[in-house]
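Commentary on secondary and tertiary structure
One letter stands for each residue in the lines below.
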Amino acid sequence: MKQKTFYDIYNYPDGFEKRKEFWKKQLNWHTDLSKLKDKKVLDVGCGTGTFSKILHDYGADVHAIDLSKESINRVNKNYPEIKAEVGDALELKFPDNCFDAVMSIGVLHHTNNSYKGLQECIRVCKPKGRVIIILYTKWHYYPLMYNGFKLLKNGRKPEDMPKWIIKAVKGFAEWYYKEKRTEDDAVRLIADQFFTPIARFHSEFEVRKWAEDNGCSLASTSTTYFGQHKIYNIVKEEKERKYDVASGEGFYAKVDEGKLAIAGIALIASIFFGAMNVIANGFLVMAVQAGGFISYITGLALLFNSIKTNETT
Ligand SMILES: C[S@@+](CC[C@H](N)C(=O)[O-])C[C@H]1O[C@@H](n2cnc3c(N)ncnc32)[C@H](O)[C@@H]1O
């Protein structure tokens, strides 16, 4: 019989209505989840199905995978409407470009190659589709806590923690989420925070580069809970298209970096020469010269405009 993995034993407890509301708000800030109605969506590393269920409630056709057989069994039992199966985030068994959106919530940083995981999410996402991932962030006190705790564990398991810690975590979870919870849930929460076999920490700079190297744009990001996670809202589009960060939708602009640099230098030079002009000649002479200059530029622009019109008609 196959040995149970860490996540078979300590899968993240489902439920936590307040957690669901929190995440719904967070994700909706990045993209309108109601637009996923009837769309094919993949939840990579679904755990016990909390997010798959949220997406399904928005009307999406949800497919889900997780490495943990135990977690998938729970999803199939509790949410038969979700098409859940065992699978590896680093080797998705789906063809290219087949999902309208791909989500992976707090998963890729627990694999041994977060970048490969993101590449897989992008691969199976349709062009113009959306990939939303949540990763541990690098510049935070949490990586220090996580790595410090590693030294203290000394072979102990989550359930070997002193009873008072387990009780304290249970009390905190019940106070924070306003929901009754068991000590077993508390053990799973401790396991999720400090005992996971792998945890990686990534910066926004890194993830932006990963996205752009794979033909995508990072449309928006946000920080969650106590700041230890970041949400990355990635659009599968050519990278020179810059999206409206606020809405993540539609608008894009093509920027020619070379021309932009020349325009910047010209602007700085014009401010410099303008200042020199004022110092040397005073405001009145400068105003007369500026008038002459503006009429000259306007004339040239109109001339070019008429040539373009002649060409196109
Ligand atoms: C912190 S849990 C998050 C679960 C779920 N996304 C949620 O937020 O409720 C991490 C999940 O990643 C899964 N996981 C870890 N490595 C994986 C891999 N290589 N492929 C698929 N799932 C993986 C674990 O089994 C676990 O269910």
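What counts as what
Residues numbered from 1 in each chain as written. Predicted model: local features only at pLDDT ≥ 70, side-chain atom pairs only at ≥ 80, totals over all residues. Helix = DSSP H or I, 4+ residues; strand = E, 2+ residues; numbered from the N terminus. Buried ≥ 20, exposed ≤ 12 C-beta atoms within 10 Å, placed from the backbone. Contact = placed C-beta atoms within 7 Å. Pairing = 2+ DSSP bridges. Near = placed C-beta within 6 Å. Nonpolar A, V, L, I, M, F, W, Y, C, P; charged D, E, K, R; others polar. Axes fitted to C-alpha atoms, helices over the stretch in contact; angles between N-to-C directions. Core = buried A, V, L, I, M, F, W, Y, C linked by C-beta atoms within 7 Å. pLDDT = per-residue confidence, 0-100. Parallel < 35°, antiparallel > 145°, perpendicular 65-115°, else oblique.

1. Observations concerning the overall build of the chain
- A tally of helices and strands in the chain yields 10 helices and seven strands.
- Scored against the burial criterion, the 313 residues of the chain give a buried share of 31%.
- Once local pairs closer than 6 in sequence are excluded, the contacts in the chain between residues at least 24 apart make up 60%.

2. Here we look at the pairing of strand β6 (residues 217-224)
- Here β6 runs beside strand β7 (residues 229-235); their pairing, made up of seven bridges, is antiparallel. If you follow Thr221 over to β7, its bridge partner there is Tyr232.
- Here β6 hands over to β7 after four residues, with Tyr225 in that stretch at a positive phi of 45°.

3. Observations regarding the site of the ligand
- Around the ligand, 21 residues are found, and the nearest of them are Tyr7, Gly45, Gly47, Ser68 and Ala89.
- Residues belonging to the shell around the ligand are distributed by class as follows: nine nonpolar, nine polar and three charged.

4. Focus: the sheet that holds β6
- Within the open sheet, the seven strands sit side by side as β3-β2-β1-β4-β5-β7-β6. Their pairing is mixed. Only two strands of the sheet have a single neighbouring strand rather than two, namely β3 (83-86) and β6. The average undirected angle you get between the axes of adjacent strands in this sheet is 15°.
- Note that strand β2 (residues 61-66) and β3 share four bridges and pair parallel. Bridge pairing in β3 links Asp66 to Val86.

5. Some thoughts on the pairing of β7
- Most of β7 is tucked away, with six of its seven residues classed as buried.
- As paired strands, strand β5 (residues 125-136) and β7 are joined by seven bridges and run antiparallel to one another. Opposite Arg130, over in β7, you have Val235 as the bridge partner.

6. Digging into the nonpolar core
- Membership of the largest hydrophobic core comes to 48 residues, with the highest contact counts inside it found for Val41, Val102, Cys121 and Ile133.
- For this core, the leading source of residues is β5, giving seven residues.
- With residues near it in sequence (within four places) discarded, Ile133 still touches Ser104, Leu108, Leu118, Cys121 and Tyr232.
- Of all hydrophobic cores here, the second largest spans 11 residues; its members include Tyr7, Ala186, Val187 and Phe195.

7. Some remarks on the confidence of the model for the chain
- Within the chain, residue pLDDT values average 85, and 87% of them lie at 70 or more.
- Confidence drops under pLDDT 50 across residues 240-245; counting only partners more than four residues distant or on other chains, this segment forms 18 contacts.
- In the model, residues 307-313 has pLDDT below 50 throughout and makes zero contacts with residues more than four positions away in sequence or in other chains.

8. Observations concerning helix α5 (residues 114-124)
- Those residues of α5 not exposed but buried are Ser114, Gly117, Leu118, Glu120, Cys121, Ile122 and Val124.
- Packing partners of the buried residues in α5 comprise β1 (40-44), β4 (99-105), β5 and α9 (204-213).

9. Considering the environment of Lys230
- Checked against the element boundaries, Lys230 lands in strand β7.
- Overall, Lys230 belongs to the buried group, with 21 C-beta atoms counted inside 10 Å.
- C-alpha of Lys230 to C-alpha of Tyr136: the two residues are 94 residues apart in sequence and 6.3 Å apart in space.
- Ignoring any residue separated from it by four or fewer positions in sequence, one finds Lys230 in contact with Leu135, Thr137, Glu204, Thr221 and Thr223.

10. Digging into unusual backbone geometry
- Not every positive phi belongs to a glycine, and Lys128 is a case in point at roughly 75°.
- Looking at the secondary structure, you find Lys128 in strand β5.
- One non-glycine residue, Asn154, lies in positive phi territory at about 50°.
- In this structure Asn154 comes out as exposed when scored by C-beta crowding, with 7 C-beta atoms within 10 Å.

11. Side note on the packing of helix α7 (residues 163-177) against helix α8 (residues 183-195)
- At a minimum axis distance of 8 Å, the contact between α7 and α8 shows a crossing angle of 95°. It follows that α7 is roughly perpendicular to α8 by the angle criterion. Here Ile166, Val169, Lys170 and Ala173 of α7 lie close against α8, whose contacting residues are Glu183, Asp185, Ala186, Val187, Leu189 and Ile190.

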